Amino acid sequence: MMMTKLLHLEQHPGVNPNSFKSTITSVSDDRIELQSTGYYPQGGGQPADKGVMVGTDFECKVVDVRKRDSVLHYITDMSGTPNVGDQVECTIDTLWRNQLSAMHTAQHLFSALANEEWGAQTVGNQIGFDRTRIDLQFENRDAFEADYMSDMVNLAIEDNMSVKMDFRPSQELIKDPLVRINMDRMPPNIDVWRTISIGDLDVCPCAGTHVLQTGDIPPVEITRVKSKGAGRLRIEYILN
Ligand SMILES: [Zn+2]
């Protein structure tokens, strides 16, 4: 297996992704590996991209993308025969990517504002096309108010704060008061993090895809709040 260069890490915003060209390094019945990929591999609670891969002698759908040592593109609907060394042109499902980028950026807002208001820590999340859930750990979860939470997020959306991506050393992030996650829990062997900053609200190491400004997120609505054990709530939201 070869390491696959991840093109999405250099790109921001994550919406309206360009098609990209690459070269096949490995082929099997249900998957293809490439030298580089613009497809987002599942991770950080965000589902993988989907799309279409076209070579000179074949065409197929990309239905899932997983990062192992290299990136595995799971394929279906193959017509023709792909071979190692083939040049390919890949398109990424824009509707899917754009919605997940908006959902994901909204998750940063929920996590930051729940931390700001109630000191809550985000302990899990699952970004979805239709709905997204976040698990929040509270000191006192009885203080949580869903209407107030969604009002705060919608105000942050109206504020149209810029969403910026850069690469920052972990020593700098440890000292930044806007970093709300515990850097001690992040892998210690990484010196420089891809970092997403939203206005002067939040700074977060993140490999996902995001919108360019919070105003690009449709208004949010909390559809469910569920107990997940002592001090913990699962919040589910949609974009309207
Ligand atoms: Zn993110």
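The structure under discussion appears in the preceding block.
The rules behind these values
- Residues numbered from 1 in each chain as written.
- Predicted model: local features only at pLDDT ≥ 70, side-chain atom pairs only at ≥ 80, totals over all residues.
- Heavy atoms only, no water.
- Helix = DSSP H or I, 4+ residues; strand = E, 2+ residues; numbered from the N terminus.
- Rg over C-alpha atoms; globule rule 2.2 N^0.38 Å.
- Buried < 20%, exposed > 50% of the residue type's maximum accessible area, 1.4 Å probe, protein only.
- Lys, Arg positive; Asp, Glu negative; His and termini not counted.
- Charge placed at Lys NZ, Arg CZ, Asp CG, Glu CD.
- Core = buried A, V, L, I, M, F, W, Y, C linked by side-chain atoms within 4.5 Å.
- Contact = heavy atoms within 4.5 Å.
- Pairing = 2+ DSSP bridges.
- Phe/Tyr/Trp six-rings, centres within 6.5 Å; stacked < 30°, edge-to-face > 60°.
- Axes fitted to C-alpha atoms, helices over the stretch in contact; angles between N-to-C directions.

Novice: How would you summarise the overall build of the chain if you had to cite specific residues and measurements?
Specialist: When helices and strands are tallied, the chain shows three helices and 15 strands. Since a compact globule built from 240 residues should have a radius of gyration of about 18 Å, the 19 Å found for the chain is in line with a globular shape. By principal-axis analysis of the C-alpha atoms, the chain measures approximately 60 × 40 × 35 Å. Counting all 240 residues of the chain, 49% fall into the buried class. Looking at the chain, you have 23 positive and 34 negative side-chain charges, and the mean spots of the two groups are 5 Å apart.

Novice: With reference to specific residues and values, describe the nonpolar core.
Specialist: L109, F110, L113, M149, V153 and L239 are the most contacted members of the largest nonpolar core, which totals 37 residues. Every element with two or more residues in this core is listed here: α1 (94-118), β10 (132-137), α2 (146-158), β11 (163-169), β12 (192-198), β14 (220-227) and β15 (232-239). It is α1 that contributes the most residues to this core, eleven residues altogether. Residues in contact with L239, not counting those within four places in the same chain, are Q99, A102, M103, A106, I217, P218, P219 and V220. One finds L7, Y39, C60 and V65 within the second-largest nonpolar core, a separate group that totals 18 residues.

Novice: So what's going on with the environment of L9? Which residues, and what values?
Specialist: Structurally, L9 can be placed in the loop between β1 (5-6) and β2 (20-27). Linking L9 and L173, residues 164 residues apart in sequence, is a C-alpha distance of 18 Å. For L9, the contacting residues outside a window of four places in its chain are M165, F167, R194 and A207.

Novice: Now, about the pairing of strand β3 (residues 31-34): what can you tell me, with residues and values included?
Specialist: Of the strand pairs in this sheet, β2 and β3 are connected by three bridges, and their pairing is antiparallel. Its bridge partner being in β3, S26 is matched across the sheet by E33. Between β2 and β3, which pair antiparallel in sequence order, lie three residues. Bridging between β3 and strand β7 (residues 71-80) involves two bridges; their strand directions are antiparallel. Bridged to I32 within β7 is H73.

Novice: Account for the packing of aromatic side chains, naming residues and giving values.
Specialist: A complete count under the given rule lists seven aromatic pairs for this structure. With centroids separated by 5.3 Å and ring planes inclined at 80°, the aromatic side chains of F20 and Y39 adopt a geometry described as edge-to-face. With a gap of 19 residues between them, F20 in strand β2 and Y39 in the loop between β4 (36-37) and β5 (51-55) connect regions that are remote in the sequence. Note on F20: relative accessible area 8%, which makes it buried. The class for Y39 is buried, based on a relative accessible area of 0%. An aromatic cluster is built from W118, F138, F144 and Y148, whose rings are joined through pairwise contacts.

Novice: Run through the sheet that holds β5, naming residues and quoting values.
Specialist: What the six strands build is a closed barrel, ordered β2-β3-β7-β6-β5-β8; its pairing is antiparallel. Strand-to-strand twist of the sheet, defined as the mean angle between neighbouring strand axes without regard to direction, takes the value 45°. Looking at chain direction, strand β6 (residues 58-67) and β7 are connected through eight bridges and run antiparallel. Along β7, the bridge assignment pairs V65 with H73.

Novice: Describe in detail the pairing of β15, supporting the description with residues and values.
Specialist: Within β15, seven of the eight residues are buried, leaving the element largely enclosed by the surrounding structure. Relative to β15, β10 runs antiparallel, the two being bridged by six bridges. Bridging across to β15, Q137 finds its partner in R232. As defined by bridge partners, β14 adjoins β15 across seven bridges and the pair is classed as antiparallel. Bridging across to β15, K226 finds its partner in R234. Hairpin geometry of β14 and β15 is characterised by an intervening segment of four residues between the two adjacent antiparallel strands and by a positive phi of about 105° at G229.

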